[in-house]
Structure formats: structure tokens, C-alpha cells
Amino acid sequence: MKKNPYLNNLLGAFSTTLSSRIEQSIAEVGLRSHNAAAALVSILNHPDDSILVLQRALNLTHSGAVRLIDGLASDGLVERRRNEQDGRSVVLRLTPEGMDCARAVLAAREAITEEISNQLTAEQAQALSSTLEELLAAMTHSYESARRNCRFCHEGVCRPRGCPVEQAVKT
């Protein structure tokens, strides 16, 4: 396809605006940071993962991930548990309060995206869904990038249809 600076500019402005509005909405949940919100949603979607998996999903240093989990644990939102398969390692789980916060983050994100999707006709929504599926798959190159791309996703929504990000990693 030929270069299209106008389309590129529109896409950049749209993604920047959408991202800013989602970040602002999530901030109103009242968590320590944007990474704290992403961690809660990631752990909700993937309970019993290690800090290392979370570190890679959020693109943090090991010490940054440990500090983040320490803070969330001291807030009563996350707990560390011994891995049942390997007693030497630790896995992460949300407390009931952590689950409530993760669900509030998902609801905050959905409120913003729903404002946008409600502006579309059924035909536009279908066309955009197909385009986004293709673009997300093209932007996913590894398990870590899949987890990073979906760090704020309500994964239960996509899984019954076949998440394009997960499918990209499997192929």
C-alpha cells in the first residue's frame, strides 16, 4: 500500500486520544499507578503466574515488579502463594478486594471504549472489528508481546470467539 500520511496522522491522533481517556478513567479507580492497574488486570486474567511473567507482561525490571507487588500486597490487593507444582517458586493471586479493583479498572476502560463504539453503525462496527483483529495479530510477535498487548483486556470477552492476539502467538 502507498504511504498515507493523513491516515497515519488520524490513527496517531485517535490512539493518543483514546489512550489518554482510558488512562484518565482508570486513574479515577484510585490505584497507586497505571502499572498497578495493569498488574491487577493481568493477575485477574492469569492467576498463579509468577512475578517474572508479570514483569515481562508489564515490561518492568525485576526490582520494579517486586516493588509493585510489594505495594499491592501491602494494600491488601495481591497475595503471594507457594506454587503447588514447584514449592520453591511463588505465584500471584488477587484478594477479593484486588478482584473488585481489577473489575473496576476493566469497567473504567469499557466505559470509554463503549462511548466510541456507540458512535458506529453495525456495519462500521463489524468492519472495524475485522480490521482491529488483523492489526492486533500483526502487532503480536511473542507470548510476551501478547500479554503486553492485552494487559488491560477483559480476556473473557475475546476467548469464546478466539482472541486474535492469542491466535497470533499460536500460529
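Before reading on, note that the structure itself is shown above.
The following paragraphs examine the structure supplied in this document. (Residues numbered from 1 in each chain as written. Predicted model: local features only at pLDDT ≥ 70, side-chain atom pairs only at ≥ 80, totals over all residues. Heavy atoms only, no water.)

**Some remarks on the environment of Glu-84**
In step 1: For Glu-84, the location among the structural elements is in the loop between strand E1 (78–82) and strand E2 (90–94).
In step 2: Sequence separation between Glu-84 and Ser-25 is 59 residues; the distance between their C-alpha atoms is 37 Å. (Helix = DSSP H or I, 4+ residues; strand = E, 2+ residues; numbered from the N terminus.)

**A short note on the side chain of His-46**
In step 1: By the secondary structure assignment, His-46 is in the loop between helix H2 (34–45) and helix H3 (51–58).
In step 2: A polar side-chain atom of His-46 sits 3.1 Å from a polar atom in the side chain of Glu-155.
In step 3: Sequence-distant contacts of His-46, defined by excluding residues within four places in its chain, comprise Arg-147, Glu-155 and Arg-159. (Polar contact = N/O pair within 3.5 Å; in protein donor to acceptor, adjacent residues only side chain to side chain. Contact = heavy atoms within 4.5 Å.)

**A word on the packing of H3 against helix H4 (residues 62–74)**
In step 1: The interhelical angle for the contact between H3 and H4, taken along N-to-C directions, is 110 degrees, at an axis separation of 9 Å. Regarding the angle of H3 to H4, the classification is roughly perpendicular. Facing Ile-51, Leu-54, Gln-55 and Leu-58 of H3, the residues of H4 in contact are His-62, Ala-65, Val-66, Leu-68 and Ile-69.
In step 2: A class-by-class count of the residues in the contact of H3 with H4 yields seven nonpolar, two polar and no charged. (Axes fitted to C-alpha atoms, helices over the stretch in contact; angles between N-to-C directions. Parallel < 35°, antiparallel > 145°, perpendicular 65-115°, else oblique. Nonpolar A, V, L, I, M, F, W, Y, C, P; charged D, E, K, R; others polar.)

**Considerations on unusual backbone geometry**
In step 1: Despite not being glycine, Asp-48 has its phi angle at roughly 75 degrees, a positive value.
In step 2: One non-glycine residue with positive phi stands out, namely Asn-59, at about 60 degrees.

**Notes on H3**
In step 1: Residues of H3 that are buried include every one of Ile-51, Leu-54, Gln-55, Ala-57 and Leu-58, and no others. Projected down its long axis, H3 carries its buried residues within an arc of 165 degrees, all on one side.
In step 2: For H3, the secondary structure elements touched by its buried residues are H2, H4, E1, E2 and helix H7 (143–149).
In step 3: You can read the cap of H3 off the contacts: a side-chain oxygen lies 3.3 Å from the backbone nitrogen of Leu-52, and it is on Ser-50. (Buried < 20%, exposed > 50% of the residue type's maximum accessible area, 1.4 Å probe, protein only. Arc of directions from axis to C-beta.)

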